[in-house]
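Coordinate analysis (summary)
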Amino acid sequence: AAISESTKCLSLVPDFSPAMNLRGKASAVLGRYREALEDFKGVISLSPEVAEGYKNSGFVYLLLKEPEKAESFLLKALSFNPHDKEVQEALAEAE
């Protein structure tokens, strides 16, 4: 439901990054990691000053067993919010 609803929203407002982020998170939960990364890339493009796209990309790259890519995105996310415990823990896992 989250994927279809966020897709509907994006058909009306294509540059609404919160809907794109939600769809990416839902795709990741379903194991559709490449689709999720495409959405998170869009989130970063639309909102480069917001940590969410970087953070979620990092999490997905960890799931894909690509720690170097994960680390890059997680470090960027941490630069926006240095006290984010989830990102700190994920970064420790990536290293």
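The sections below set out a description of the structure shown in this document. A quick note: this is a predicted structure, and the numbers were derived from the prediction, not measured.

Analysis parameters
- Residues numbered from 1 in each chain as written.
- Predicted model: local features only at pLDDT ≥ 70, side-chain atom pairs only at ≥ 80, totals over all residues.
- Heavy atoms only, no water.
- Buried < 20%, exposed > 50% of the residue type's maximum accessible area, 1.4 Å probe, protein only.
- Helix = DSSP H or I, 4+ residues; strand = E, 2+ residues; numbered from the N terminus.
- Arc of directions from axis to C-beta.
- Contact = heavy atoms within 4.5 Å.
- Phe/Tyr/Trp six-rings, centres within 6.5 Å; stacked < 30°, edge-to-face > 60°.
- Lys NZ or Arg CZ within 6 Å of the ring centre and 35° of its normal.

With that out of the way, let us pick up helix α1 (residues 2–12). Residues of α1 that are buried include every one of I3, S6 and L10, and no others. The buried residues of α1 occupy an angular sector of 75 degrees when projected down its axis, which confines them to one face. Facing away from the buried side of α1, by more than 90 degrees, are the exposed residues S11 and L12. Looking at the buried positions of α1, the neighbouring elements they touch are α2 (17–29).

Considering all chains together, one arrives at two aromatic pairs under this definition. With centroids separated by 5.7 Å and ring planes inclined at 25 degrees, the aromatic side chains of Y54 and F80 adopt a geometry described as stacked. Within this pair, whereas Y54 is found in helix α4 (residues 51–63), its partner F80 is found in helix α5 (residues 67–80), the two being separated by 26 residues in sequence. Centre to centre, the rings of Y61 and F73 are 5.5 Å apart; their planes meet at 20 degrees, and the pair counts as stacked. Of this pair, Y61 sits in helix α4 while F73 sits in helix α5; the two residues are 12 residues apart in sequence, bridging distant segments of the chain. Taking the relative accessible area as the measure of exposure, Y61 reaches 12% and is therefore buried. Above the face of the Y54 ring, K76 is positioned so that its terminal group lies 5.9 Å from the ring centre.

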